[in-house]
Structure formats: structure tokens, C-alpha cells
Amino acid sequence: MGCHQEQADSIGPSFQKIADKYSSVDDPIRYLKNTIAAGSTGKWGQHQMPAHDFLSDAIRTTLSQYILLNKSKAPSLPLKGHLPVVKKEAHYVLRASYTDNGANGMSAINRQHELTLRTPTILAEELLTIAPKTKGLALTGEKVKTVVFSGQNTSLALGEFDLTNVSALQINQKYQDWLPAGATFTLRVGSNKGKVLAASTFTYGKHLQANDDVSLTVDFAPISAKTSLFLTVSLAKSERR
């Protein structure tokens, strides 16, 4: 093209400059194709653009559409923001949405993405609320709720979790003197009889008092996927609780 280039000026302005200047006028395609047909002088300096009225309306429309495609791209704006500081442990949902203005008769593009931020601590009461009814599980306590496992190999469905970069589960208890020594907690994947992810055994010191905090950490290799987890308790010997 002798008179115009896509991005660099030559005899006439670049298509990019033309698109930047006229894309915001009412019906820019009609404006440009009429200018192509009639020619112009003085809009971009002293050079004259001859009339191209010998071109069909369809060709001038196509040329106008092509010129407008060369409009400068707006620089990407950095995404910045601040989440409020929250002190209450809970689940939070972060939702981002985007809608553009549409162009050249095209409808606006709308996109939305949602991310659930789960608290790393799950309370006993919440577990039994979301878990299906299971024989051998009970919720006790008033101010402090406790899940009680009764019987041998009783399982609790923990729910579905994304274990990417997660390498341990910590189980917290309020010590009671009736708790059995040597109870083994096994973390399974997929079902209560699924693959064993990890297992560990609670041990209690001699000087514990009622309602002292005790914890057990079950270590495992991270899994980069959403995974259903089940916690199974196996009691030592003839212990029933």
C-alpha cells in the first residue's frame, strides 16, 4: 500500500492513527467508507486523498472494517485491590467479574470467576452437619462440641478438599479420662475404605487434666486435585470408645 501503512505513517497517516481518531464517532464504518468515496484534503496535513468512488459499497465497507481493526490496544491495567481484614474464622467467597463495552455491533463479553477461601479449621459441629448419618458417630458437649467415635473402624466423611500444597491434617481434642490410649486415626481418599493417605496414633501424657488441648498431626504428600477425604478411627484391643 503506497499511501497508508498499518502502523507507520507514509504519504498519509497510518491505519492505526485513523482508527484511533474515528472509531469513537457515530457509525465509524459509514464515516470512513464515505470519506474513501469522496476523498479528503487538510484532515491530515496538506496531502490530498483522491476520491475512490469507483469502488463498490461492499469493498469500501470491508476496507473501513479493516482500518478500524488497527485501533491501538488499550494498555492492560494492573489488577489491584485489598481484602478486608477478617478475624472470624469462616468460609469466604472471592468473586471477580469483567464486562467489556462491545464493539462493531458485537455484544459485550462477560466473564466471571469465583474462588472459595475455606478456613483451615473445621469444627466438629460443622463436620457432622455436612457428613451423612453414620452409625457410631455422635456430637456431645454444650459450649465445646466434640465428635465421639464409638465402635471399631468408625468413619467420618470430612468433605471434598483441594490438597494442593497441603501436607498435613491436625486433629485437635479436648482430653477426657475415658479416651482410649492408642486410637489410630487413618486418612483415606475417595471412601471410608479407599486408599490410605496417612495414619497416626494419639498418645496421652500422664499429667493431662480434663479439657486440656491435645493434638495429632497426620502428615501426607500433597495432591494437586480436589479429593474426598474420610477419617477412620481404629481402637486398640477391646476399647470401645
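Above: the structure in question.
Residues numbered from 1 in each chain as written. Predicted model: local features only at pLDDT ≥ 70, side-chain atom pairs only at ≥ 80, totals over all residues. Heavy atoms only, no water.

Draft legend 1. Local environment of helix H2 (residues 28-38). The set of residues buried in H2 consists of Pro 28, Ile 29, Leu 32, Lys 33, Thr 35, Ile 36 and Ala 37. Each element contacted by the buried residues of H2 is listed here: helix H1 (15-22), strand S1 (40-42), strand S2 (45-49) and helix H3 (57-68). Of the residues one or two after H2, Gly 39 is the one with positive phi, at around 80°. (Buried < 20%, exposed > 50% of the residue type's maximum accessible area, 1.4 Å probe, protein only. Helix = DSSP H or I, 4+ residues; strand = E, 2+ residues; numbered from the N terminus. Contact = heavy atoms within 4.5 Å.)

Draft legend 2. Highlighting the side chain of Thr 35. Along the chain, Thr 35 turns up in helix H2. For Thr 35, a relative accessible area of 15% puts it in the buried group. Among the polar contacts listed, one links the side chain of Thr 35 to the backbone oxygen of Tyr 31, at a separation of 2.9 Å. Those residues within four positions of Thr 35 in sequence are excluded, and the remaining contacts are Ser 40, Lys 43 and Met 49. (Polar contact = N/O pair within 3.5 Å; in protein donor to acceptor, adjacent residues only side chain to side chain.)

Draft legend 3. Geometry of the environment of Leu 216. Residue position: Leu 216 is located in strand S11 (residues 213-219). Considering only alpha carbons, one finds Leu 216 and Phe 185, 31 residues apart in sequence, at a separation of 8.9 Å. Contact partners of Leu 216, with chain neighbours within four places excluded, come to Leu 169, Gln 170, Ile 171, Phe 185, Ser 200, Thr 201 and Phe 202.

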